[in-house]
Every structure is written in C-alpha cells, then in structure tokens.
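# Summary of structural features
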Amino acid sequence: QVQLVESGGGLVQAGGSLRLSCAASGSILSIDFMAWYRQFPGKSREMVATLANGGNPNYADSVKGRFTISRDNAKNSVYLQMSSLKPEDTAVYYCRADVLSSSFHLLTSWGQGTQVTVSA
C-alpha cells in the first residue's frame, strides 16, 4: 500500500506564488514517474507537469515558464513551484506517483487533492 500526502495549497492573489508538496510513503522500492494534475469543476483531471526519474520535466502549455516541478528521491517527494499565478489556475491539484512496491507490483497512486484558489 502506498499513500501520497499533499500540502501547500491555499488562497493567493493573482501574480503570487505557491509551492505544493507531495510525499509518498508505504511499501516503496522505487518511484519512476511523478506528476501533478489539476481538475477544474465539472472537468476531467488534466496534466500540469510530469517528471520521470532521471528524465526531463514536461509541462502543460498553459503553465510553461510559470510552474516548476522537482523531486527529492531520498524523500519520495515531488514539488510544484507555482509562480505568476492566474485566476484560471484555480483548481484542485493532485499529485501522482507510479511506484514499484516492495512486493514488486507497479502501482499508480494519487494524492487526496489540495485546493488552489487564485483571486483576481
């Protein structure tokens, strides 16, 4: 079993910054793929940023140049630094981790979601 716990969401004014954190715990051998997604009300979850172990980050066009994804493998954690926030960034943000468990199962785990609200 793998758990992802997110933190760092909240309310910020347009132009401001927030940093989201997500820590994985449980029976983990390794984590290959880590990512952030977001979901707008009434919409499907969409990719924001991804970072495979040893790979290059990928970003949605809407956040390029404003958001930065990073990870700390020693802490099984992924981060999303969000700058120059816009009201249209308001959404629930979810982290995702593709984990090789200690029982050698490949698991895709999701965090519980954290609300980010950007006021105009």
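The coordinates are above.
Right, let's talk about the overall build of the chain for a bit. Within the chain, the regular secondary structure consists of 0 helices and 11 strands. Along the chain direction, N to C, the helices and strands of the chain fall in the order β-β-β-β-β-β-β-β-β-β-β. Here the C-alpha atoms of the chain give a radius of gyration of 14 Å, agreeing with the 14 Å that 2.2 N^0.38 yields for 120 residues. Summarising its shape, the C-alpha atoms of the chain cover approximately 50 × 25 × 25 Å along the three principal directions. Across the 120 residues that make up the chain, the buried fraction comes to 42%. Put simply, 55% of the contacts in the chain that link residues at least 6 apart link residues at least 24 apart. Considering the chain, the positive charge centre built from 10 side chains and the negative charge centre built from 8 side chains are found 2 Å apart.

Time to look at the sheet that holds strand E1 (residues 2-7). Two modes of strand pairing occur in sheets, parallel and antiparallel, and in both the strands are linked by backbone hydrogen bonds. Reading across from one edge, E1-E3-E8-E7 is the order of the 4 strands in this open sheet, with antiparallel pairing throughout. Strands at the two margins of the open sheet, each flanked by one partner only, are E1 and strand E7 (67-72). Taken over all neighbouring pairs, the strand axes of this sheet differ in orientation by 15 degrees on average, direction set aside.

Now for the nonpolar core. Ranked by internal contacts, the top residues of the largest apolar core, which has 30 residues, are Trp36, Val48, Phe67, Ile69, Leu80, Met82 and Tyr93. Elements supplying a minimum of two residues to this core: E1, strand E3 (18-26), strand E4 (28-39), strand E5 (46-52), E7, strand E8 (77-82), strand E9 (91-101) and strand E11 (114-119). Here this core gets 5 residues from one element, more than from any other, and that element is E9.

Along the chain, Lys75 falls in the loop between E7 and E8. Take Lys75: its relative accessible area is 55%, and that puts it in the exposed class.

Bringing the state of the cysteines into the picture now. For the coordinates displayed, the defined rule picks out 1 disulfide. Each sulfur of the disulfide joining Cys22 and Cys95 lies 2.0 Å from the other. Torsion about the S-S bond of the Cys22 and Cys95 cystine: about 50 degrees, corresponding to right-handed handedness. Of the two residues, Cys22 sits in strand E3 while Cys95 sits in strand E9, which places them 73 residues apart along the sequence. By the burial criterion, Cys22 is buried, and Cys95 matches it.

What follows is about the side chain of Ser77. Within the secondary structure, Ser77 sits in strand E8. At a separation of 2.9 Å, a polar atom in the side chain of Ser77 contacts the main-chain carbonyl oxygen of Lys75. Setting aside anything within four residues of it in sequence, one finds Ser77 in contact with Cys22, Ala23, Met34, Ser70, Arg71 and Asp72.

What counts and what doesn't
- Residues numbered from 1 in each chain as written.
- Predicted model: local features only at pLDDT ≥ 70, side-chain atom pairs only at ≥ 80, totals over all residues.
- Heavy atoms only, no water.
- Helix = DSSP H or I, 4+ residues; strand = E, 2+ residues; numbered from the N terminus.
- Rg over C-alpha atoms; globule rule 2.2 N^0.38 Å.
- Buried < 20%, exposed > 50% of the residue type's maximum accessible area, 1.4 Å probe, protein only.
- Contact = heavy atoms within 4.5 Å.
- Lys, Arg positive; Asp, Glu negative; His and termini not counted.
- Charge placed at Lys NZ, Arg CZ, Asp CG, Glu CD.
- Pairing = 2+ DSSP bridges.
- Axes fitted to C-alpha atoms, helices over the stretch in contact; angles between N-to-C directions.
- Core = buried A, V, L, I, M, F, W, Y, C linked by side-chain atoms within 4.5 Å.
- Disulfide = S-S within 2.5 Å.
- Polar contact = N/O pair within 3.5 Å; in protein donor to acceptor, adjacent residues only side chain to side chain.

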